[in-house]
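Architecture and fold: a report
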Amino acid sequence: MVKVLYVVGLGRSGSTILSNSLGQIRGFFSAGELNFLWRHNVLENRLCGCGRPFHECATWQEIMRRAFGGPDEDFAREMIRLQRAGTRTRHIPLMLAPGGWRRMEGRIGKLLASYGRLYEAIGEVAGSRVVVDSSKEPAHGYAMSHAPGVELYALHLVRDPRAAAYSWQKKKRQPDTENREYMFSSPPARSAVMWNAWNAAAEALWRKTPDRYLRLRYEEFVADPRASFLSILKLVDEEDARIPLTGERGVELGVSHTVSGNPNRFETGTVELREDRRWQTEMSPRDRALVTALTAPLLSRYGYRP
């Protein structure tokens, strides 16, 4: 049985630095966004966090060999098809409906079995007890909690929606592929709607398993990393592990083997955990007001001031 710490929540919420920091704990492996493994890595051969193309990374080639006999493009396309058939946001109502999961499981049983083998192989090759999967998609994470041989814990990461919307607006280079110069960007209204939908979905999907769920605000994480790490370790029953801090706010990042995700996953060396507050001065008043209005129902619930 392999433990999977699944980071769920909207992108641009600090999941990359959180996941890579967790990857510095002995017995933890930060795998990146495994929901994109098949397209971005097996098919497109994007860079691993170590800087090598996926098909040249010895770690991932050994993982794929143990799990599936090696990377195979036809198999990857089948996995993508199954993801579309049952792990998208539109499938959440069926997942939550009485008897709905049984129907869903019938559609994507092969996908679940494949991820079960993938997580197991990661644990074996990396010598890790906990695989950190920062895929973030609520529906995908809930599906993975039903993968055979997997003990999945949901780490629900929330960031102020105005900060997330500001980040989604910025043009950010995509260095792991020659096919795309910049990461996807999103207008404020769309990111606000997604913030509502994904955060509400995360709570709804894991409300029946509170012992497998922890909500953490990004702002709390950077303000008090030590307390946040201790809460996460308690969640996954790894309280004896040593937290990855140098001093009170520094994390020494080694070379990772993350697949897909924010370009910050390539960072190494000492990183100081601190909040990025540029949105408070650089975001336009109009965009700020729009995002505040659209996310008002959940703002106070998560402790943010209008």
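Here the structure is a predicted model, which is why all the values come from computation and not from measurement.

Moving on, we get to the sheet that holds strand β5 (residues 213–217). Pairing is parallel across the open sheet formed by five strands, whose spatial order is β2-β3-β1-β4-β5. Among the strands making up the open sheet, the edge pair consists of β2 (28–32) and β5. With direction set aside, neighbouring strand axes in the sheet form an average angle of 25 degrees. As defined by bridge partners, strand β4 (residues 150–158) adjoins β5 across five bridges and the pair is classed as parallel. Bridging across to β5, valine 158 finds its partner in arginine 217.

Attention now moves to helix α8 (residues 161–169). Along α8, eight of the nine residues are buried, which leaves the element largely enclosed by surrounding structure. The complete set of buried residues in α8 reads Pro161, Arg162, Ala163, Ala164, Ala165, Tyr166, Ser167 and Trp168. Considering only its buried residues, α8 is in contact with α9 (188–206), α12 (279–282) and α13 (285–299).

Evaluation of the coordinates by the stated rule reveals 18 salt bridges. Of the charged contacts, one joins lysine 3 and glutamate 238 as a salt bridge, the two residues approaching to 3.0 Å between their closest N and O atoms. Here glutamate 238 lies in the loop between α11 (225–235) and β6 (250–253) and lysine 3 lies in strand β1 (residues 2–8), a separation of 235 residues in the sequence. Side by side, lysine 3 and glutamate 238 carry an identical accessibility label, which is buried. A salt bridge links arginine 217 to glutamate 220, with the nearest nitrogen and oxygen atoms 3.5 Å apart. Take glutamate 220: its relative accessible area is 37%, and that puts it in the partly exposed class. A single salt-bridge network, built from bridges that share partners, covers Glu62, Arg65, Arg66 and Glu124.

This next bit is on unusual backbone geometry. Leaving glycine aside, a negative phi is the common case for residues, and trans is the common case for peptide bonds. A positive phi is found at arginine 12, a non-glycine position, where the angle reads about 65 degrees. With respect to the element layout, arginine 12 can be found in the loop between β1 and α1 (15–22). Positioned with a positive phi, asparagine 45 is a non-glycine residue whose angle comes to about 55 degrees. Within the secondary structure layout, asparagine 45 lies in the loop between α2 (37–43) and α3 (58–68).

Time to look at the side chain of aspartate 133. Structurally, aspartate 133 can be placed in strand β3 (residues 130–136). For the buried aspartate 133, no salt bridge is present, and the opposite-charge side chain at shortest range is lysine 136, 8.0 Å distant. A polar atom in the side chain of aspartate 133 sits 2.7 Å from the side chain of tyrosine 119. The residues contacting aspartate 133, other than those within four sequence positions of it, are Val4, Leu5, Tyr6, Val7, Gly32, Glu33, Leu34 and Tyr119.

Turning to the nonpolar core, a few remarks are in order. In terms of nonpolar packing, the biggest core is built from 52 residues, with Leu34, Trp38, Trp60, Leu118, Tyr119 and Ile122 touching the most fellow members. If you tally residues by element for this core, the top one is helix α6 (residues 100–126), at ten residues. Setting aside residues up to four positions removed in sequence, leucine 118 forms contacts with Leu34, Leu37, Trp60, Ile63, Met64, Ala67 and Phe68. Among the nonpolar cores identified, the runner-up in size contains 28 residues, and Ile25, Val222, Leu233 and Ala241 belong to it.

So, how was this worked out
Residues numbered from 1 in each chain as written. Predicted model: local features only at pLDDT ≥ 70, side-chain atom pairs only at ≥ 80, totals over all residues. Heavy atoms only, no water. Pairing = 2+ DSSP bridges. Helix = DSSP H or I, 4+ residues; strand = E, 2+ residues; numbered from the N terminus. Axes fitted to C-alpha atoms, helices over the stretch in contact; angles between N-to-C directions. Buried < 20%, exposed > 50% of the residue type's maximum accessible area, 1.4 Å probe, protein only. Contact = heavy atoms within 4.5 Å. Salt bridge = Lys/Arg side-chain N within 4 Å of Asp/Glu carboxyl O. Lys, Arg positive; Asp, Glu negative; His and termini not counted. Polar contact = N/O pair within 3.5 Å; in protein donor to acceptor, adjacent residues only side chain to side chain. Core = buried A, V, L, I, M, F, W, Y, C linked by side-chain atoms within 4.5 Å.

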